[in-house]
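Spelled out from the first residue to the last, the chains are:
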Amino acid sequence: MTAAVRVPVLAGSDAETVEAKAIAKRWGLPSEATDNGVFQLWLNDDVLALHWLQSPQKMSPLVVDFHQGKAAYRAQNTQLKNEAIAKAVGVTGQFKPSVVDGTAGLGRDAFVLAGLGCDVQLIERHPVVAALLDNGLHRAQQEADFIGEICQRMHLIGTDNLYTGKGFTHEPDVVYLDPMYPKTGKQKAQVKKDMQMFQQLVGSDEDADSLLEPALNNAKFRVVVKRPNSAPFLAGREPNSQINSKKHRFDVYIKRGFHESAN
């Protein structure tokens, strides 16, 4: 991953200053603006939003909101048989493996897995993205509805847990990885506006290959890696099997079967 941008966390009102400083402290971010900043995080009405100050076009702030947009629609219309990610992770009608999402990003794939009944621990290595995700999860979990119930199965545990092996609430059945992949000429130049901002902030995961070994060490049964169809295997290691979808594939590294004895 490229070096984390130190984005300040600012408050929209005096009443929110204490909370904004607490967010900054938790994720190791500054709490004062700089003159040459590219991004700023603003806390307004308990909603944390990322502003891209130097965007090439007018762009709405980036907010994690599980109750809005395609995430909410997909959660309410997901069918197990139609989800390639479910097959890759091993979700069935009777079995819901526990998952660690080691590259959680904005939480979209984790949200799908939680919607299918999995308990998902989330790790997000970039502190700004982790702050946004934490805020979005907290707001969603306060709602007594279907989306709130799904988000109760999602737990953001930190930024470096995959490497340290610490902080897990339990040993996961599956570790899921979806590292950022550099743009290639085969990819469409235009991406969604929120992803433009995300890519500008995070960059590509240049150390993505280093994720596979700790993922295998922490997973009880398997590791699943989401990759563009044209991308090489992570760390050059061929998976045991693959699940293909239209734009991506899921490389599956199996340590042992779900119902095999540990002995």
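Everything here concerns the structure above.
A brief look at the structure comes next.

Looking at helix 4 (residues 108–115)
So, point 1. The element helix 4 is largely enclosed, with a buried count of 6 among its 8 residues.
So, point 2. Those residues of helix 4 not exposed but buried are D109, A110, F111, V112, L113 and A114.
So, point 3. Two residues or fewer after helix 4 comes G117, characterised by a positive phi angle close to 105 degrees.

Some points on the pairing of strand 10 (residues 248–254)
So, point 1. Summarising burial for strand 10: 5 of the 7 residues are buried, a large majority.
So, point 2. In terms of strand pairing, strand 8 (residues 222–228) meets strand 10 through 7 bridges, oriented antiparallel. Opposite R227, over in strand 10, you have R249 as the bridge partner.
So, point 3. When strand 9 (residues 241–244) meets strand 10, the two strands line up antiparallel, connected through 4 bridges. Its bridge partner lying in strand 10, Q242 is registered against D251.
So, point 4. Hairpin geometry of strand 9 and strand 10 is characterised by an intervening segment of 3 residues between the two adjacent antiparallel strands.

Some words on unusual backbone geometry
So, point 1. With a phi close to 55 degrees, D45 is a non-glycine residue in the positive phi region.
So, point 2. With respect to the helices and strands, the residue D45 is situated in the loop between strand 2 (39–44) and strand 3 (47–52).
So, point 3. Look at D45 and you get exposed, because its relative accessible area is 69%.
So, point 4. The residue A235 is not glycine, and still its phi comes out positive at about 60 degrees.
So, point 5. A235 gets classed as partly exposed once you look at its relative accessible area, which sits at 42%.

Reading the values: the criteria
Residues numbered from 1 in each chain as written. Predicted model: local features only at pLDDT ≥ 70, side-chain atom pairs only at ≥ 80, totals over all residues. Heavy atoms only, no water. Buried < 20%, exposed > 50% of the residue type's maximum accessible area, 1.4 Å probe, protein only. Helix = DSSP H or I, 4+ residues; strand = E, 2+ residues; numbered from the N terminus. Pairing = 2+ DSSP bridges.

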